[in-house]
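# Architecture at a glance
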Amino acid sequence: MSSRHAAPRRARAPRHARSLASHGVLRGVALLVTSVVVFGAAGATAVAARMTGNVSDLDLDGLVAAAPTPTSAPDPSDVHAGQPVNVLVLGSDQRDGVNGEIGGDEKGMRSDTTILVHVSADRTRVEMVSLPRDSLVEIPSCTLTDGRTTRAQKRAMLNSAFALGWDQGNDLASAAACTVNTVQANTGVAITDVVVVDFAGFQNMVNAIGGVPMCIAQDHYDEYTGLDIKAGQQVLDGVTALQYARARHGTGFDGSDTMRAGRQQELVSRVANEVLSKNLLTDGAQLLQFLSAATQSLTTNLSVGDLTGLAFSLRGIDRDNIVFMTVPWAPASSDRNRIEWTPAADDLWANIAADVPMLGAPEVPDVPQTPETPGSTDPAPPPPVDQPTETKTPGVDPFTAADTNTSC
């Protein structure tokens, strides 16, 4: 796979610089989507100011290829106004402190989840694409925070980029920047911002909204994560939701990272719907509780103020326009335990880069025209015919936040 994006690197900025872009969500995706509604409340700026202390700063200036520079002055309420936004959300498998208690202590840090979130320039669409960690991709040479560079790799697993940056750079900025450069090189999509999330924060966010209602199609048990759940309608608390998002082995699972990505997409969709259905906009105490949980341990180059403006600009979005999918893939010819992206992925990335619907324009059905006969009256239209509801499988099929994927 050849490198598609070769934008020039920028000079290293002072350490206080914050921005990945020149103007300068698993939990991160959920935060980005649900804040579409949450940050629309009155007093959002004051709330954002209170949450800023929860967010850790991530300085990637000089480490990644530059994103396009806006041609017009930024809107003070949304620095991205009039521009598409591409946020790379990385779920870090960090096993120390609280995260070690959750996932088991291990040295180092690895990337457990990678999702590209595209927000259209007109703010009518939010599209999310999961990039399985077992994807075989080209990893370009990466610049580390100490100025050293890594050796490029022609074919390696996607999550190796994060590990490479962490192991050789010994910091999160090097790990995140190497992943951003890898995604840009293999997709041609310029990444505007990056968010790194961890285990503990996702648990806190789910608990803050009182759990996530889910229809579980079959019994699941996974000794690695501790998941033990029965089929049926369930309300998952933070611990169980995280176990469900991380599980791959045991009863009810096929061991694949692609199906796990689908479960993560479904969880984020259900979290978004739960926030939309609750009274968070007018319940100040509940709003503050959710935002406090959602921003804990967040590491990003986005300020909470920037996120507030972006989210407020999305306050009118329709659930049908919040779309989830996994990059089109097939088993790798060189290793059946790895995957490679199919040619359909090229069209997907081209659409995202061009800021058009990632699945292409929807087809408009042809309406047959009946010729008029002089003196005749139009017959009554036939009664509508109920169309069967298509069952969509997260991880396999694209779906929206408005879809119900499983029935209990």
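Note: the structure precedes this text.
Now for a description of the structure that goes with this document. Quantities reported herein were computed from a predicted structural model and do not represent experimental measurements. (Residues numbered from 1 in each chain as written. Predicted model: local features only at pLDDT ≥ 70, side-chain atom pairs only at ≥ 80, totals over all residues. Heavy atoms only, no water.)

## A word on the state of the cysteines
By the definition in use, this model includes one disulfide. With a sulfur-sulfur separation of 2.1 Å, Cys142 is cross-linked through a disulfide to Cys178. Given an S-S torsion of about 70°, the disulfide between Cys142 and Cys178 has right-handed geometry. Of the two residues, Cys142 sits in the loop between β5 (136-139) and β6 (153-157) while Cys178 sits in helix α5 (residues 172-187), which places them 36 residues apart along the sequence. (Disulfide = S-S within 2.5 Å. Helix = DSSP H or I, 4+ residues; strand = E, 2+ residues; numbered from the N terminus.)

## Observations concerning the side chain of Thr258
Within the fold, Thr258 resides in helix α8 (residues 257-277). Thr258 gets classed as buried once you look at its relative accessible area, which sits at 6%. Here the side chain of Thr258 touches Ser256 through a polar contact of 3.4 Å, side chain to side chain. Those residues in contact with Thr258, other than ones at most four positions away along the chain, are Pro132, Trp329, Ile339 and Gly395. (Buried < 20%, exposed > 50% of the residue type's maximum accessible area, 1.4 Å probe, protein only. Polar contact = N/O pair within 3.5 Å; in protein donor to acceptor, adjacent residues only side chain to side chain. Contact = heavy atoms within 4.5 Å.)

## A word on the packing of helix α4 (residues 159-169) against α5
α5 packs onto α4 with a crossing angle of 145° between their chain directions and a minimal axis gap of 7 Å. For the pair α4 and α5, the crossing hand works out as right-handed. On α5, the residues that touch Ala161, Phe162, Leu164, Gly165, Trp166 and Gly169 of α4 are Leu172, Ser174, Ala175, Ala176, Cys178, Thr179 and Thr182. Tallied by class, residues from the contact of α4 with α5 come to eight nonpolar, five polar and no charged. (Axes fitted to C-alpha atoms, helices over the stretch in contact; angles between N-to-C directions. Left-handed = near helix turned anticlockwise from the far one by under 90°. Nonpolar A, V, L, I, M, F, W, Y, C, P; charged D, E, K, R; others polar.)

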